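# Per-entry structural report
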Amino acid sequence: MFDKTSSGAFGRIFEALCRRLLWAALALALLVPPALAQAGNPSGLPLPRFASTRSEPINVRVGPGQKYDIAWTYLQSGIPVEIVQEFDTWRKVRDVDGDEGWIHQNLLAGTRAGYVTPLIANGEIALRASQSDESGTRARLGAGLKVTISECDGTWCQVSATGQPGSVYSGYLRQEELWGVYPDEVFD
């Protein structure tokens, strides 16, 4: 009923179709990983991102769960951390020194905080009255001082810093001199 010629032509067409489908699937697979990476986060939020500790004390663990040993403990709230990975309800965080550990999501807040990181080693930076290097200086902030970040426009961040007991200074710092925000990041 079927001659060899017609089944050979059918076979070649089928093989060509399979090859095209395979190449199309491969091309599609190359486009999917960024979407899957986002969908793979339990929170659905981008990684990495900055957050801060919610309460005190907070145990930072060597793995994502209470069965893991405690690596260190944060003794105060409001410490800025960078969330670099997620597993279920646990977040792997990195601190300003580059140390990494796991914290339960309920112990983190979306409040933005950061550390003053002057471009000049051991230097101080001026807390400006407005978003300009020519504006008045409200305070001089030393390296490592923790600040609360209200908003950033990609160049300047509005911050507040606590000085001597009872004194709070508010103003603007260059975004590049803060650890706790990404270059060119904008938020309010």
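Just above, that's the structure.
Every value quoted in this text rests on a predicted model; they were computed, and no experiment measured them.

On to the environment of L178, then. Its place among the elements puts L178 in strand β14 (residues 178-179). Separated by 35 residues in sequence, L178 and A143 have C-alpha atoms that sit 9.5 Å apart. Contact partners of L178, with chain neighbours within four places excluded, come to Y115, V116, T117, V147, I149, C157, V159 and L173.

This next bit is on the pairing of strand β1 (residues 49-53). Most of β1 sits inside the fold, with five of its five residues counted as buried. Of the strand pairs in this sheet, β1 and strand β4 (residues 80-87) are connected by four bridges, and their pairing is antiparallel. Looking at the pairing, F50 lines up with E82 of β4. Here β1 pairs with strand β7 (residues 108-109) via two bridges, running antiparallel.

The next subject is the packing of aromatic side chains. Applying the stated rule across the entire model yields four aromatic pairs. Taking 5.1 Å as the distance between ring centres and 85 degrees as the angle between the ring planes, the aromatic pair formed by F50 and W179 counts as edge-to-face. Taken together, the positions of F50 in strand β1 and W179 in strand β14 put the pair 129 residues apart, joining distant regions of the chain. Of the two residues, F50 and W179, neither departs from the other in class, the shared state being buried. Relative to Y74, the ring of W72 lies with its centre 6.1 Å away and its plane at 90 degrees, an arrangement referred to as edge-to-face.

Conventions used here
- Residues numbered from 1 in each chain as written.
- Predicted model: local features only at pLDDT ≥ 70, side-chain atom pairs only at ≥ 80, totals over all residues.
- Heavy atoms only, no water.
- Helix = DSSP H or I, 4+ residues; strand = E, 2+ residues; numbered from the N terminus.
- Contact = heavy atoms within 4.5 Å.
- Buried < 20%, exposed > 50% of the residue type's maximum accessible area, 1.4 Å probe, protein only.
- Pairing = 2+ DSSP bridges.
- Phe/Tyr/Trp six-rings, centres within 6.5 Å; stacked < 30°, edge-to-face > 60°.

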